[in-house]
Amino acid sequence: MSAERTTTSLALATLLALLAPGLSALETGWLELKEGHQGQKIKAKVQRIKLPELGGDGGQHVTVTIPRDALENTDKVHQVVVVGKRGDQEEILPGVRYEWAEEYENNNYGLIIKLDKLENYPIRVYLNDDLPLPENR
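Residues numbered from 1 in each chain as written. Predicted model: local features only at pLDDT ≥ 70, side-chain atom pairs only at ≥ 80, totals over all residues. Heavy atoms only, no water.

*Asks:* Give a description of the pairing of strand E1 (residues 25-31) that names residues and reports values.
*Replies:* Of all seven residues in E1, six are buried; the element is thus mostly enclosed. Of the strand pairs in this sheet, E1 and strand E8 (residues 123-128) are connected by five bridges, and their pairing is antiparallel. Bridge pairing in E8 links alanine 25 to asparagine 128. (Buried < 20%, exposed > 50% of the residue type's maximum accessible area, 1.4 Å probe, protein only. Helix = DSSP H or I, 4+ residues; strand = E, 2+ residues; numbered from the N terminus. Pairing = 2+ DSSP bridges.)

*Asks:* Tell me about the packing of aromatic side chains, residues and numbers included.
*Replies:* Overall, the coordinates contain one aromatic pair when judged by the stated rule. Over the aromatic face of tyrosine 109 sits the side chain of arginine 68, whose NZ or CZ is 4.3 Å from the ring centroid. (Phe/Tyr/Trp six-rings, centres within 6.5 Å; stacked < 30°, edge-to-face > 60°. Lys NZ or Arg CZ within 6 Å of the ring centre and 35° of its normal.)

*Asks:* Go over the pattern of salt bridges with me, naming the residues and quoting the values.
*Replies:* Summed over all chains, the structure comprises seven salt bridges. Glutamate 27 is the partner of arginine 124 in a salt bridge, and the nearest nitrogen-oxygen pair spans 3.3 Å. Of this pair, arginine 124 sits in strand E8 while glutamate 27 sits in strand E1, placing them 97 residues apart in sequence. As far as burial versus exposure is concerned, arginine 124 and glutamate 27 are alike and both buried. Ionic pairing is found between lysine 76 and glutamate 72, a salt bridge with its closest N-O pair at 3.6 Å. Taking relative accessible area as the criterion, lysine 76 reaches 42% and is therefore assigned partly exposed. Accessibility expressed as a relative area gives 65% for glutamate 72, which makes it exposed. Through salt bridges with shared partners, one network takes in Glu27, Lys41, Glu90 and Arg124. (Salt bridge = Lys/Arg side-chain N within 4 Å of Asp/Glu carboxyl O.)

*Asks:* Lay out the sheet that holds strand E7 (residues 108-114) with the relevant residues and their values.
*Replies:* Paired through backbone hydrogen bonds, the strands of a sheet run either parallel or antiparallel to each other. The four strands lie next to each other as E2-E3-E7-E6, forming an open sheet whose pairing is antiparallel. In this open sheet, the two strands that pair with only one neighbour each are strand E2 (45-50) and strand E6 (97-100). Neighbouring strand axes in the sheet, compared pairwise and without regard to direction, differ in orientation by 25° on average. Pairing between strand E3 (residues 61-67) and E7: seven bridges, direction antiparallel. Opposite threonine 65, over in E7, you have glycine 110 as the bridge partner. (Axes fitted to C-alpha atoms, helices over the stretch in contact; angles between N-to-C directions.)

*Asks:* I'd love a proper account of the nonpolar core, names of residues and values included.
*Replies:* Of all hydrophobic cores here, the largest spans 24 residues; its most connected members are Ile66, Ile113 and Leu127. Of all the elements in the fold, those that place two or more residues in this core are E1, E2, E3, strand E4 (79-86), E7 and E8. The residues touching isoleucine 66, leaving out its near neighbours within four places in the chain, are Thr28, Ile42, Ala44, Leu71, Trp100, Asn108, Tyr109 and Leu127. (Core = buried A, V, L, I, M, F, W, Y, C linked by side-chain atoms within 4.5 Å. Contact = heavy atoms within 4.5 Å.)

Limitation: the analysis is restricted to geometry and does not speak to function.
Quick look at the structure:
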């Protein structure tokens, strides 16, 4: 194993340890990037995949529904980390942006994940809500 790969694996392991369920991180489980796919862990579902525009810059937008009974409130989510799985290798996807949909149907929250490039392998999403809030000054 190369030094770079060892460092990447160590960084991923450290991050995942920080996001462990005991630290208030909610995890979707593995989600196939196919519309309609539902994960096993919290029943998150890939609702919609918007592919990039021809000649555009960037990747697809993936809308994932999160059941309201799994996540009390989106205001408490301070960090969203997306991990991809290629074969047996897991890696944190760089350059991921996200936003919460204003309203979503059927008692779900809508999480729109904006990926930097076109991806087609499974992802797992961590929603972290245990970061300290800044003091009001």
